[in-house]
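Architecture and fold: a report
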Amino acid sequence: MSRQSVAKAHQKIQELAWEPLFHEPVSQYGTDYTFQKAQKKDPLKQVLRSYFPMQEEKDHRVYGAQDGAIRGNMFRQVQERWLEWQKLFLSIIPLPEISAARAMPLLFRTVPNPELHNGQAIQMIDEVRHSTIQQNLKRLYMNNYIDPAGFNNSLRNFQNDYCGTIGRQFAEGFITGDAITAASIYLTIVAETAFTNTLFVAMPAEAAANGDYLLPTVFHSVQSDESRHISNGYATLLMALADESNHQLLERDLRYAWWNNHRVVDAAIGTFIEYGTKDRRKDRESYAEMWRRWIYDDYYRSYLVPLEKYGLVIPHDLIEEAWNQIWNKGYVHEVAQFFATGWLANYWRIDPMTDKDFEWFEYKYPGWYDKYGKWWENYNRLSIPNGHHPIVFEDVDYQYPNRCWTCMVPCLVREDMVYAEVDGVVRTYCHEECRWTDVEAFRPTFRGRETPNMGQLIGHREWETLYHGWNWADVVSDMGYVRDDGKTMTAQPHLHLGDQKKMWTLDHLRRCPELQSPNVLFNQMTPEERETYAEAYRRGGPAGRFAPTDA
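Now for a look at the structure at hand.

Conventions we followed
Residues numbered from 1 in each chain as written. Predicted model: local features only at pLDDT ≥ 70, side-chain atom pairs only at ≥ 80, totals over all residues. Heavy atoms only, no water. Core = buried A, V, L, I, M, F, W, Y, C linked by side-chain atoms within 4.5 Å. Buried < 20%, exposed > 50% of the residue type's maximum accessible area, 1.4 Å probe, protein only. Helix = DSSP H or I, 4+ residues; strand = E, 2+ residues; numbered from the N terminus. Axes fitted to C-alpha atoms, helices over the stretch in contact; angles between N-to-C directions. Left-handed = near helix turned anticlockwise from the far one by under 90°. Contact = heavy atoms within 4.5 Å. Nonpolar A, V, L, I, M, F, W, Y, C, P; charged D, E, K, R; others polar. Pairing = 2+ DSSP bridges.

1. A short note on the nonpolar core
- In terms of nonpolar packing, the biggest core is built from 161 residues, with Phe 89, Tyr 141, Trp 258, Trp 291 and Trp 376 touching the most fellow members.
- It is helix α8 (residues 179–209) that provides the largest number of residues to this core, a total of 16 residues.

2. Some thoughts on the packing of helix α5 (residues 114–144) against α8
- Two elements in contact, α5 and α8, have axes separated by 15 Å at closest approach and are oriented at 30 degrees. Crossing angle aside, the handedness with which α5 passes α8 is left-handed. Counting all contacts with α5, which are made through Gln 123, Glu 127 and Gln 134, the residues of α8 involved are Leu 187, Thr 188, Glu 192 and Phe 200.
- Class assignment for the residues of the contact of α5 with α8 results in two nonpolar, three polar and two charged.

3. Brief notes about the pairing of strand β1 (residues 418–422)
- Burial of the side chains of β1 is restricted to one face: Val 418, Ala 420 and Val 422 are buried, whereas none of Tyr 419 and Glu 421 on the reverse face is.
- Pairing geometry for β1 and strand β2 (residues 425–429), over five bridges, is antiparallel. Counted as the bridge partner of Glu 421 is Val 426 from β2.
- Between β1 and β2, which pair antiparallel and follow one another directly, the connecting turn spans two residues, one of which, Asp 423, has a positive phi of 55 degrees.

4. Focus: the environment of Ala 322
- Residue placement: Ala 322 occurs in helix α13 (residues 316–327).
- Separated by 59 residues in the primary sequence, Ala 322 and Arg 263 place their C-alpha atoms 8.4 Å from one another.
- In this view, Ala 322 contacts Trp 258, Trp 259, His 262 and Trp 291; residues no more than four positions away in its chain are not counted.

5. Let's talk about helix α9 (residues 214–223)
- The element α9 is extensively covered by neighbouring structure, given that eight of its ten residues are classed as buried.
- For α9, the full list of buried residues reads Leu 214, Leu 215, Pro 216, Val 218, Phe 219, Ser 221, Val 222 and Gln 223.
- Contact partners of the buried residues in α9: α2 (48–71), α3 (80–92), α4 (94–108), α5, α8 and α10 (226–241).

6. Let's talk about the environment of Ala 191
- By secondary structure assignment, the location of Ala 191 is in helix α8.
- Separated by 74 residues in the primary sequence, Ala 191 and Val 265 have C-alpha atoms spaced 8.7 Å apart.
- Other than its neighbours up to four places away in sequence, Ala 191 contacts Phe 174, Tyr 186, Thr 196 and Asn 261.

Here's what the structure looks like:
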């Protein structure tokens, strides 16, 4: 189609929109934002007649690459360490995609602009496509990788493990609460405009370096659609900015959306890129370097800061604090250590770090070894069963962390942990910003303004609390992370598959202490005991160390 005919078709589509006069429309998805009808334009002017041939060509490339990978024996060359972490990643990522598809109808009745409705409808189709090709990628890995266990049941079970629950709360944030907060600010303005840079660009580069060229093929195909989604978000943002009564809500939502994205996406993608790789070239970028380039420079300085000319207050302090967390507080390293600490409660195998890994981390993050090296040496020493328990039960100077109620990432940067009593329960938070989100932002009133559509963070959110008092063998069996022999665990703290004597089983777990939820124990304390515990907790770390004693 010529560009002129596309433009004419796009204009014709707008004539199909109408406001029904025979009844009063019912708002299915509420928002506290107010919009005036305005002629905000969709700069991409996409129509289905041009959209489908383009996507068909992209799908041909994706599936052709997959066929080539099988014929070219890619799975004999790809690094096992990398593909094991893909069991977690590819179990979670289709849920945010399909949640994003479900988010678009939230905006159809909320944003009064037929031209944007067309872009949102096409985005909805995009997101369904993304979920489909990602799940197909996981299926391909399952059918061809040396160890399919974990790939085969993660879509059904991922939401009940200690990591997948974090991904679930992230994805469901696209479709719950205020429609604009969820589907526009949280999804398109922050998640897609900022964090898909590391998710769909930086991470595929690391995949290729580990011999996996299928993930780059699939996720670059996904990322090529994000320009449309960014455009949808920006046009909606400009419509919201046109009414000054929305500014307070926009500033609230930018703070919430930025911080929750940072806590979840940086935790996951940072761990995959830094700890899931065998590529230790000194000249390749660390996650901190990628973040500084892709998110701080390209998103914050080029996208967010210019919004100040519209009178919007940008959360500069949170962007700087996110960088501070990554560079100075070791956030990604703390997360990776937590994932490895709880290896027995997941469905993938976590490879110990080696001297080559240590050297690279010390080069990229000076002082890393003094903070984390000894713990990873202990992880390596305890990875093969030899009469000892898994590392979480051994004396390696690691205090199992409290869970953050809001983002559900544990309170790993110990100095930042805060708590508050909400609805008769004491909740712990990884940072003051997560406390603010739960206690102040997600409430029916915000700074004296009625916000009935915002919703609240409720339900059974803390993984450890759900299994408090259980035997660990029963926990793993309940989650379904057991191999076909009925006793060998899916997860292992190493990559040795050939020797059964090196594999951990349910029998090893039955001898372990019961699972104890730090948050349950925290609530059982007296207020004085609780404050004493919290003060000691904040003095702990890095690397989860207990607070030093006076002695």
